[in-house]
Amino acid sequence: MNVSIDRRPLWTILLVRSFRYIALGVLFSLTYLVAHRVPPEGLSQEGLRAAAVFGLSLVLWVTHLLPLAITGLLAIVLIAVMEILPAKDAYALFGNEAIFFILGALILASAVLKTGLSGRLALIMLTLFGSSPRYLLFGIFISSALLSFWMPEHAVAAMMFPIVIEIARGLELRPLQSSYGKALFIALAWGAIIGGVATFLGGARNPLAIAILKETTGKSIGFFEWMLAVVPIVVILLCVAYAIITFFCRIEMESFDRARELIAEKKIKLGRATLEEWMTGFIMTATIILWMFFSHSLGLANIAILSVVSLFVFKLVSWKDVEEYVNWGIILMYGGAICLGSAITKSGAAFWAGNLIIGSWASTPSALVIIFAVLAIFLTEGVSNTAIVAILLPLGISISNSYNIDPTLVTYSVAVPAGLAFMLPMGTPPTAIALSSGYVKVRDLLLQGIILKILALVIFILMTRYYWPLIGIKI
Amino acid sequence: MKNILLVLSTTRQSPKTIDAAFEKAKEEKRGVTALFVLDSEMPESIFEKLTDIGFTGEKPSQQLHDSILAEYRVRGDRKLKDLGDMARTMAVSFKTIIREGDFTKECLSVIGEEEADFVIITRKKRSSLSRFIFGSALAEINDKTHCKMLIIDE
């Protein structure tokens, strides 16, 4: 029997094994102590307790000492137990319309994945663009982006990965040596990331932002309204990102026939589109049209759930498929984030914290947009973008309310930049997926990512200044 | 004499290390046992990110995880085949082992099973700060094993 003996000092072993418990113990103790202090001037006792819960949630979301969803659940419980909000109100926020909207959107996405429609659409786009190495690179980039308009970007990156890895292998591109291989996977990741901010469907953070806005101010942003404001920004970003990729990554491929053959083989293997694919595509298209033009009269969540019901009526998915493709943790995270946002806003803690941290620097709409866009776009590299929205948006809304600035401005300024994590794998799964391919190194993402990030910030600010007024968003 | 244990993985395949192992083996008239570890840390961390941060369901996350590992296995097989050709050219006896899992655990397990007395391994280029914060797999292996280790910087 082989026995390995850990020869490290005993204190090191004990510290490593118990670090997480010590950290959690310290955090909970600090939260308790802070919540029971005498509140500072300008902050009520409820506000102080809300701030303590907010601080605890922030640290847990950033450090991942607990899963994001469990932190969301913990936030609700603490808000109820510490009487920041009545328990009935705290738990009622689970029934928020945004939660049912995103649940419906995820189930719809699961049908698109399960029937193979998403894979077929990706292959069709690659076939259209697969005539040369440069066009194929563009095809992968644009497929990731366009699919992420209508499906969660993480699912798109996960779905595209096997296709792109097979192409890279077929072209005999060497990991860590091939510049073209690097370009393919960065294109896959960045296309998904940028496309994911264009609509409410690309990432959970956008509907969460709308929910927090609605819960705290009563205002909302429609599906089409969001697209009108953000899609032009996305189009410009896609052009810039593609230029950066092709600038830094040489396309050293000459012989390309194998890639064309591979894509053609995969298409043949898929066979003809099935009735399930056609029906799923029809339901998805109809749902998107209803969201775009009828969300104000019918309600986003109502449309989403009715579409989900129709998937089951036509037996396009089973409940088992839904269980396998949908992560129910999102409900807990959402519920917690909305409840937390509501609690810190209603208790005045958000206003107090916002003034303390940012103060009168954000007293004008331009300053508000710039400050929160900068915070969101850089913090999102290290923290989940959903958590960024949950942390920054309540602060931003409180500040905007105190200076009579339209809170929808800060909603866009947090939610859109929060989705633009290009540099580090901890920021968003698509970059981690690109790294796992073995073709991309962290320093490639850092160098190209920082350039894209700065340009993205400048483009966002310029568009808010010169384009948004044209569509009625006054800044 | 026992074979020299050459440790490779999905992220440690330095040609310098491979050359050093075969030259040493030829010099000392020993064979080479090449251990290729399919490091599951990356696909598992992606699985966690997809389910925890990305809120993606278990099935698509697992499919991606398996797809990444399958690709690593193809690369591992290819690498070991190349090493086999190199061994034949140099007339060095050669054995291969593929393991999937945690790099440190699998290394220690094989060192124990093979009763290796000499291990050659690559140290990845990283800053001292990174090693201090995130730890070092090689330091851990060195701490937990008796055998001689030759560490070659990437």
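Since this is a predicted model, take the numbers as computed values, not measurements.

Quick look at the overall build of chain A now. Per the secondary structure count, chain A includes 22 helices and zero strands. Against the globule reference of 23 Å for 475 residues, chain A gives a C-alpha radius of gyration of 23 Å, in line with a compact fold. When the backbone C-alpha atoms are referred to their principal axes, chain A occupies close to 75 × 70 × 45 Å. Taking all 475 residues of chain A together, 58% fall into the buried category. Within chain A, the 24 negative side-chain charges are centred at a point lying 4 Å from the centre of the 31 positive side-chain charges.

An ideal rise of 1.5 Å per residue puts 26 Å on 18 residues; helix α7 (residues 133–150) of chain A measures up with 27 Å between its terminal C-alpha atoms. Among the 18 residues in α7(A), 13 count as buried, and that is most of the element.

Inspection of the entire model under this criterion finds zero disulfides over all chains. A disulfide-free cysteine, Cys249(A) has its sulfur positioned 17 Å from the sulfur of Cys239(A), the nearest such atom. This cysteine, Cys107(B), is not joined by any disulfide, and Cys147(B) carries the nearest cysteine sulfur, 10.0 Å off. Residue classification places Cys107(B) among the buried positions, given a relative accessible area of 1%.

Attention shifts here to the sheet that holds strand β3 (residues 94–101) of chain B. Sheets are built from strands that pair by backbone hydrogen bonding, the pairs being arranged parallel or antiparallel. Residue and element names in this part refer to chain B. The strand order across the open sheet built from five strands is β3-β2-β1-β4-β5, with neighbouring strands paired in parallel fashion. Looking at which strands have only one partner, the edges of the open sheet turn out to be β3 and β5 (148–153). On average, each strand axis in the sheet is tilted by 25 degrees relative to the strand beside it, whichever way the strands run. As judged from the six bridges shared by strand β4 (residues 118–123) and β5, these two strands associate in the parallel manner. The residue of β5 that forms the bridge with Val 119 is Met 149. Docked against the sheet, helix α3 (residues 58–90) engages β1 (4–9), β2 (32–39) and β3, running at close to 165 degrees with respect to β3.

All names here are of chain B. Contact geometry of helix α4 (residues 103–114) with helix α6 (residues 137–144) gives a least axis separation of 10 Å together with a crossing angle of 30 degrees. With respect to their mutual orientation, α4 and α6 come out roughly parallel. Here α4 and α6 pass one another in a crossing that is right-handed. Contacts between α4 and α6 involve Phe 103, Thr 104, Cys 107, Leu 108 and Ile 111 from the former and Ala 137, Leu 138, Glu 140, Ile 141 and Lys 144 from the latter. In terms of residue class, the contact of α4 with α6 is made up of seven nonpolar, one polar and two charged.

This next bit is on the packing of aromatic side chains. All names here are of chain A. The final tally for this structure, using the stated rule, is 20 aromatic pairs over all chains. Both rings, one in Phe 129 and one in Phe 138, keep their centres 5.3 Å apart while their planes meet at 70 degrees; by these two values the pair is edge-to-face. With a centroid separation of 5.5 Å and 35 degrees between ring planes, the pair formed by Phe 224 and Phe 293 is classed as tilted. Placement of the pair is Phe 224 in helix α11 (residues 223–248) and Phe 293 in helix α13 (residues 275–298), with a sequence separation of 69 residues.

Residue and element names in this part refer to chain A. Structurally, Val 322 is set in helix α15 (residues 319–325). For Val 322, a relative accessible area of 0% gives the class buried. In sequence terms Val 322 and Lys 114 are 208 residues apart; their C-alpha atoms lie 9.4 Å from each other.

The subject of this paragraph is the packing of helix α5 (residues 97–114) of chain A against helix α14 (residues 300–313) of chain A. All names here are of chain A. With their axes 8 Å apart at the nearest point, α5 and α14 run at an angle of 35 degrees to one another. In the packing of α5 onto α14, the handedness of the crossing is left-handed. Residues Glu 97, Phe 100, Phe 101, Gly 104, Ile 107, Leu 108 and Ala 111 of α5 touch α14, and the partners they reach there are Leu 300, Ala 301, Ala 304, Ile 305, Ser 307, Val 308, Leu 311 and Phe 312. When grouped by side-chain class, the residues that make up the contact of α5 with α14 number 12 nonpolar, two polar and one charged.

Residue and element names in this part refer to chain B. The terminal C-alpha atoms of α4, which comprises 12 residues, lie 16 Å apart, in line with the 16 Å expected from a rise of 1.5 Å per residue. Of all the residues in α4, the buried ones are Phe 103, Thr 104, Glu 106, Cys 107, Leu 108, Val 110 and Ile 111. For α4, the elements touching its buried residues are β1, β2, β3, β4 and α6. Near the N-terminus of α4, the side chain that reaches the backbone nitrogen of Thr 104, with its oxygen 3.3 Å away, is that of Asp 102.

Between chain A and chain B, the residue contacts involve 34 residues of the former and 28 residues of the latter. For the pair chain A and chain B, the summed buried area comes to about 2,900 Å², and 62% of that belongs to carbon and sulfur atoms. Across the contact surface, chain A and chain B share two salt bridges. Between Glu71(B) and Arg169(A) there is a salt bridge, with its nearest N and O atoms 2.7 Å apart. Where chain A packs against chain B, one counts eight residue pairs in polar contact (both at pLDDT 80 or more). Put simply, the parts of the chain that give the side of chain A that touches chain B at least two residues each are α8 (153–170), α15, α16 (329–346) and α21 (429–436) of chain A. Top element by residues in the side of chain A that touches chain B is α8(A). It accounts for six residues. Looking at the side of chain A that touches chain B, its residues break down into 19 nonpolar, 10 polar and five charged.

Here we take up unusual backbone geometry. Here Ala91(B), not a glycine, exhibits a phi torsion of approximately 55 degrees, which is positive. Along the chain, the position of Ala91(B) falls in the loop between α3 and β3.

Rules of the game
Residues numbered from 1 in each chain as written. Chains lettered and ligands numbered in written order. Predicted model: local features only at pLDDT ≥ 70, side-chain atom pairs only at ≥ 80, totals over all residues. Heavy atoms only, no water. Helix = DSSP H or I, 4+ residues; strand = E, 2+ residues; numbered from the N terminus. Rg over C-alpha atoms; globule rule 2.2 N^0.38 Å. Buried < 20%, exposed > 50% of the residue type's maximum accessible area, 1.4 Å probe, protein only. Lys, Arg positive; Asp, Glu negative; His and termini not counted. Charge placed at Lys NZ, Arg CZ, Asp CG, Glu CD. Expected span 1.5 Å × (residues − 1). Disulfide = S-S within 2.5 Å. Pairing = 2+ DSSP bridges. Axes fitted to C-alpha atoms, helices over the stretch in contact; angles between N-to-C directions. Contact = heavy atoms within 4.5 Å. Parallel < 35°, antiparallel > 145°, perpendicular 65-115°, else oblique. Left-handed = near helix turned anticlockwise from the far one by under 90°. Nonpolar A, V, L, I, M, F, W, Y, C, P; charged D, E, K, R; others polar. Phe/Tyr/Trp six-rings, centres within 6.5 Å; stacked < 30°, edge-to-face > 60°. Polar contact = N/O pair within 3.5 Å; in protein donor to acceptor, adjacent residues only side chain to side chain. Buried area = accessible area lost by both parts, 1.4 Å probe. Salt bridge = Lys/Arg side-chain N within 4 Å of Asp/Glu carboxyl O.

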